[in-house]
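# Inside the fold
Each chain is listed here by its residues.
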Amino acid sequence: MDGWMEARPVERFRDLRPDEVADLFTTTQRVANMVEMHFKATSLTIAIQDGPEAGQTVKHVHVHVLPRRAGDFERNDSIYDEVMT
């Protein structure tokens, strides 16, 4: 498929090669820009839960891109409680 590369599934961020880290964050930036525009957000929370103690429940590296707006949570870090549910 033109413009796509086959993914190499890895469980932890540390297992990515440097070129894969660069691709992951380039892609994350592109997706983040689209998410922010689509949801008319003013900010984003971008997170990787890397390992079970960090809340990783799906055993492959992936990035969460969450649209944010002023006042969406009374306490800003409450977003992480919502991610865990």
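Residues numbered from 1 in each chain as written. Predicted model: local features only at pLDDT ≥ 70, side-chain atom pairs only at ≥ 80, totals over all residues. Heavy atoms only, no water.

### Focus: the pattern of salt bridges
The criterion, for reference: Take a side-chain nitrogen of Lys or Arg and a carboxyl oxygen of Asp or Glu: if they are within 4 Å of each other, that pair is a salt bridge. Between buried and exposed lies partly exposed: a residue is buried under 20% and exposed over 50% of the maximum accessible area for its type, with that area taken using a 1.4 Å probe on protein chains only.
A full pass over the atoms with the stated rule returns seven salt bridges. Here Asp15 and Arg14 are joined by a salt bridge, their closest N and O atoms 3.9 Å apart. For Arg14, a relative accessible area of 62% corresponds to the exposed category. In this structure, Asp19 engages Arg17 in a salt bridge whose closest nitrogen and oxygen atoms are separated by 3.4 Å. Among the charged side chains, a salt-bridge network with shared partners connects Arg8, Arg17, Asp19 and Glu20.

### Brief notes about the side chain of Gln49
Operational definition: Runs of E in the DSSP output that reach at least two residues are strands. Runs of H or I that reach at least four are helices, and both are numbered from the N terminus. Side-chain atoms alone can form a polar contact between residues adjacent in sequence; in general such a contact is a pair of N or O atoms within 3.5 Å, and within protein one must be able to donate a hydrogen while the other accepts it. Any two residues having at least one pair of non-hydrogen atoms within 4.5 Å are treated as being in contact.
Mapping Gln49 onto the fold places it in the loop between β1 (43-47) and β2 (64-68). Look at Gln49 and you get buried, because its relative accessible area is 15%. Among the polar contacts listed, one links the side chain of Gln49 to the side chain of His64, at a separation of 3.1 Å. The residues contacting Gln49, other than those within four sequence positions of it, are Ala54, Gly55, Gln56, His64, Val83 and Met84.

### Structural notes on helix α1 (residues 18-38)
Because an α-helix completes one turn every 3.6 residues, residues spaced three or four positions apart along the sequence face the same direction. Rules: In this analysis, the expected span of each helix is defined as 1.5 Å times one less than the number of residues it contains.
Spanning 21 residues, α1 covers 30 Å between terminal C-alpha atoms, matching the ideal 30 Å at 1.5 Å per step. Where α1 is buried, its residues touch β1 and β2. Looking one or two residues beyond α1, the residue adopting positive phi is Lys40, at roughly 50°.

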